[in-house]
Amino acid sequence: MAYALTGRQVAEQETAAQLCSALSDRTGGDGCWNRAQGAGHPETLRVRHGLGISLGRPGRWEEALAEARDVGYFSSGPRTRHPPRPPHDATWRSENVSSMEIHGSCSNQFSAVREAFADSLRSGADVGASVAVCIDGEPVVDLWGGHADQARTRPWQRDTITNVWSITKTMTALCVLVLADRGELDLSAPVAKYWPEFGIAGKDRVEIRHLLSHTAGLPDWDQPMTLDDLCDWDKATTLLTRQTPRWEPGTRSGYHRFTHGFLIGEVVRRICRQSIGTFFADQIAGPLGADFHIGLAAEHDHRVSNGIPAPGPAPAPNPRVTIPVGSYVTTQETWSTRWRRAEIPAAAGYGNARSVAAIQSVLASAGRTPSTRLLSETTCRAVFDEQSHGIDLVLGIPLRFGTGYALHADDSPISTPNLHTCYWGGRGGSLVVNDLDTRMTFAYVMNQMTHKGLTDPRSRTLLQATYKALNT
């Protein structure tokens, strides 16, 4: 079997030779580099009887080298001539699937995920998107494709990032779990222990775990908020200290759409003396080398794919919603630099499926990372301590909340076969799922938004394909 790596003119022949040698040593194959003569003829790199990289379009040598480095083709130390077995029979390639370019890597075992992803792009359900699956913290699927803009003039690249909306809440929750694991925070302690001004107007009974599970009774502000208000941390948090819970804390869930991030973020700030975006970057994303940001620096603006508003009218109001909560921000408003720069830790995180899966896989891997341990297994299991189960007062759908995540349940909008599964999604359709029974993390991130929320068929189809592959 041969896999081909093609590109246009290669500036330096040794670049191809280096990649050829590395691939040959990695796979035990026999690598050769051939240059066809004449304009329009691509160079071709082949590795026979082994693992290779295949590009479906020209001009991607630099990207191929980056992919090769990511999976350890260029590793320090002596090279071995015997072919180590790639994890999950991984085949690294970028290919054209029925005129739809899909880039990245996918284990042969998970080929159904690749096909489902291609179908979503080909049908137009997705404009630009990425999907990733990790097993034991190792990527077995890392795919991207489509376009980064609604006009379809810019391709979605390997490093394209977008606003993932409420998937950011899972990153915020992870910050709290890290502090709890270090003994700097008690999940059952009153919030006022760390934020004294909070403990008035009946909020002395609100505990940290209530903030994480949307059961604190503070799903919204008592006054309408604007984008400017959401970008004013002091105003947003001060207003929350003055409010009275709308129900007895800890008894029911009511989705804290925006308040979640400010409530948790202020607790983190009081403990660490730094913003939650800074803590997240220093203690989680940075050590993991993950391209996810809560508060996006200007240097990353050129990589952003703006969200594309959901087509068609919004659905009719859900009659089971007891407490309506303001949306406050339109998709178009998130295109602004004001939104990007602000630390809005319930909704304004930027990343892609690869970075979401890389970070969240810490939970599915019982707290371990490739180089260290971020959480204890005990803390990971604390996520599954049920905090509420029933019709959410704000969303009007059945939800079972644990500590920081929604949990597997028979009436859950996300169907998973395993008991120790937690998840959450972002406005418009993005989704992350952690399955501790299979040590799997699934992430899907896109720019085309819909009104379907956690029932979005795009993420459901990809997740079902993932579980089907796990069972083969």
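Residues numbered from 1 in each chain as written. Predicted model: local features only at pLDDT ≥ 70, side-chain atom pairs only at ≥ 80, totals over all residues. Heavy atoms only, no water.

A closer look at the overall build of the protein
1) Next: In terms of regular secondary structure, the protein is built from 13 helices and 18 strands.
2) Next: Expressed as a percentage of its 472 residues, the buried residues of the protein come to 57%.
3) Next: Surface summary for the protein: the accessible area is close to 18600 Å², and the carbon and sulfur share equals 49%. (Helix = DSSP H or I, 4+ residues; strand = E, 2+ residues; numbered from the N terminus. Buried < 20%, exposed > 50% of the residue type's maximum accessible area, 1.4 Å probe, protein only. Areas by Shrake-Rupley, 256 points an atom, 1.4 Å probe, with all protein chains shown as cover.)

So, the pattern of salt bridges
1) Next: Overall, the coordinates contain 19 salt bridges when judged by the stated rule.
2) Next: Between Arg303 and Asp291 there is a salt bridge, and its shortest N-O distance comes to 2.6 Å. Of this pair, Arg303 sits in the loop between strand 10 (293-294) and strand 11 (304-305) while Asp291 is found in the loop between helix 9 (276-288) and strand 10, placing the two residues 12 residues apart along the sequence.
3) Next: Judged by relative accessible area, which is 10%, Arg303 ranks as buried. (Salt bridge = Lys/Arg side-chain N within 4 Å of Asp/Glu carboxyl O.)

Quick notes on the pairing of strand 7 (residues 128-135)
1) Next: Along strand 7, 8 of the 8 residues are buried, which leaves the element largely enclosed by surrounding structure.
2) Next: Along strand 7, one buried face is formed by Gly128, Ser130, Ala132 and Cys134 and the opposite face, lined by Ala129, Val131, Val133 and Ile135, is buried too.
3) Next: Where strand 7 meets strand 8 (residues 138-146), 8 bridges bridge the pair, whose relative direction is antiparallel. If you follow Val133 over to strand 8, its bridge partner there is Val141.
4) Next: Between strand 7 and strand 8, which pair antiparallel and follow one another directly, the connecting turn spans 2 residues, one of which, Asp136, has a positive phi of 55 degrees.
5) Next: Alignment of strand 7 against strand 18 (residues 440-446), held across 7 bridges, turns out to be antiparallel. (Pairing = 2+ DSSP bridges.)

What about the packing of aromatic side chains?
1) Next: Going through the model one piece at a time under the given rule, you end up with 10 aromatic pairs.
2) Next: Taken together, a centroid distance of 5.0 Å and an interplanar angle of 35 degrees make the contact between Trp195 and Phe198 tilted. Here Trp195 and Phe198 have matching classes, each one buried.
3) Next: Where Trp221 meets Tyr328, the ring centres are 6.2 Å apart and the plane angle is 65 degrees; that geometry is what we call edge-to-face. A residue pair is termed long-range when its members are at least 10 positions apart, and Trp221 in the loop between helix 5 (208-212) and helix 6 (227-230) and Tyr328 in the loop between strand 11 and helix 10 (337-341) qualify at 107 residues.
4) Next: A connected cluster of aromatic rings, assembled from ring pairs, spans Trp221, Trp233, Phe258, Phe262 and Tyr328.
5) Next: One Lys or Arg, Lys203, reaches over the ring of Phe198 and ends 5.2 Å from the middle of that ring.
6) Next: Lying over the aromatic face of Trp165, Arg427 brings its terminal NZ or CZ to 4.4 Å of the ring centre. (Phe/Tyr/Trp six-rings, centres within 6.5 Å; stacked < 30°, edge-to-face > 60°. Lys NZ or Arg CZ within 6 Å of the ring centre and 35° of its normal.)

A word on the sheet that holds strand 12 (residues 349-351)
Note on sheets: strands pair through backbone hydrogen bonds, and any given pair is parallel or antiparallel.
1) Next: Read across the open sheet, the 4 strands follow the order 10-12-9-11; overall the sheet is mixed. With partners counted over all chains shown, the strands left at the sheet margins are strand 10 and strand 11, one partner each.
2) Next: When strand 9 (residues 161-163) meets strand 12, the two strands line up antiparallel, connected through 2 bridges. Within strand 12, the residue paired with Asn163 across the bridge is Tyr350.

Focus on the confidence of the model for the protein
1) Next: Looking at the protein, the pLDDT average stands at 85 and 79% of residues meet or exceed 70.
2) Next: The low-confidence segment residues 1-88 (pLDDT under 50) makes 166 contacts with residues lying over four places distant or belonging to another chain. (pLDDT = per-residue confidence, 0-100. Contact = heavy atoms within 4.5 Å.)

Regarding helix 4 (residues 168-181)
1) Next: Taking 1.5 Å as the rise per residue, helix 4 with 14 residues should run 20 Å; its terminal C-alpha atoms sit 20 Å apart, in good agreement.
2) Next: Counting buried positions along helix 4 gives 13 out of 14 residues, so the element sits mostly inside the fold. (Expected span 1.5 Å × (residues − 1).)

Focus on the environment of Ile135
1) Next: One can find Ile135 in strand 7.
2) Next: In this structure Ile135 comes out as buried when scored by relative accessible area, which is 7%.
3) Next: Taking the C-alpha atoms as reference, Ile135 lies 5.7 Å from Arg439; in sequence the two are 304 residues apart.

Brief notes about the packing of helix 3 (residues 111-123) against helix 13 (residues 457-470)
1) Next: Two elements in contact, helix 3 and helix 13, have axes separated by 8 Å at closest approach and are oriented at 165 degrees. Here helix 13 runs roughly antiparallel to helix 3, going by the angle between their axes. Judged by the twist between their axes, the crossing of helix 3 over helix 13 is right-handed. Of the residues in helix 13, those in contact with Ala112, Val113, Ala116, Phe117 and Ser120 of helix 3 are Arg458, Thr461, Leu462, Ala465 and Thr466. (Axes fitted to C-alpha atoms, helices over the stretch in contact; angles between N-to-C directions. Parallel < 35°, antiparallel > 145°, perpendicular 65-115°, else oblique. Left-handed = near helix turned anticlockwise from the far one by under 90°.)

Details of the pairing of strand 13 (residues 388-391)
The side chains of a regular strand alternate between both faces of the sheet.
1) Next: Pairing of strand 13 with strand 14 (residues 398-401), which is carried by 4 bridges, proceeds in the antiparallel orientation. From the neighbouring strand, His389 faces strand 14, where its bridge partner is Arg400.
2) Next: Here strand 13 folds back onto strand 14, and the loop between the two strands holds 6 residues, one of which, Gly396, carries a positive phi near 70 degrees.

A few points about the state of the cysteines
1) Next: Evaluated as defined, the whole model comprises 0 disulfides.
2) Next: In this structure Cys422 is not part of a disulfide, and its nearest cysteine sulfur, from Cys380, lies 9.2 Å away. (Disulfide = S-S within 2.5 Å.)

Quick look at the side chain of His256
1) Next: Here His256 lies in the loop between helix 7 (233-241) and helix 8 (259-272).
2) Next: Among the polar contacts listed, one links the side chain of His256 to the backbone oxygen of Gly254, at a separation of 2.6 Å.
3) Next: Setting aside residues no more than four positions away along its own chain, His256 makes contact with Lys169, His214, Thr215, Ala216, Gly217, Leu218, Pro219, Trp247 and Leu263. (Polar contact = N/O pair within 3.5 Å; in protein donor to acceptor, adjacent residues only side chain to side chain.)

Examining unusual backbone geometry
1) Next: In this structure, Arg152 takes a positive phi of about 60 degrees despite not being glycine.
2) Next: Arg152 gets classed as partly exposed once you look at its relative accessible area, which sits at 38%.
3) Next: Phi angles above zero are rare outside glycine, and Arg439 is one such case at about 60 degrees.
4) Next: Following the sequence through the fold, Arg439 ends up in the loop between strand 17 (431-435) and strand 18.
5) Next: Of the residues examined, Arg439 reaches a relative accessible area of 26% and is grouped as partly exposed.

Quick notes on the nonpolar core
1) Next: Within the largest apolar cluster, 80 residues are counted, with the highest numbers of intra-cluster contacts made by Leu185, Ile208, Trp221, Phe280, Trp339, Ile344 and Ile359.
2) Next: If you tally residues by element for this core, the top one is helix 4, at 9 residues.
3) Next: Setting aside chain neighbours within four positions, we find Trp221 in contact with Leu230, Ala236, Leu239, Leu240, Gln243, Arg246, Phe258, Thr259, Phe262 and Tyr328.
4) Next: Core analysis: the second largest hydrophobic core is formed by 39 residues, Phe110, Ala116, Leu393 and Ala465 among them. (Core = buried A, V, L, I, M, F, W, Y, C linked by side-chain atoms within 4.5 Å.)

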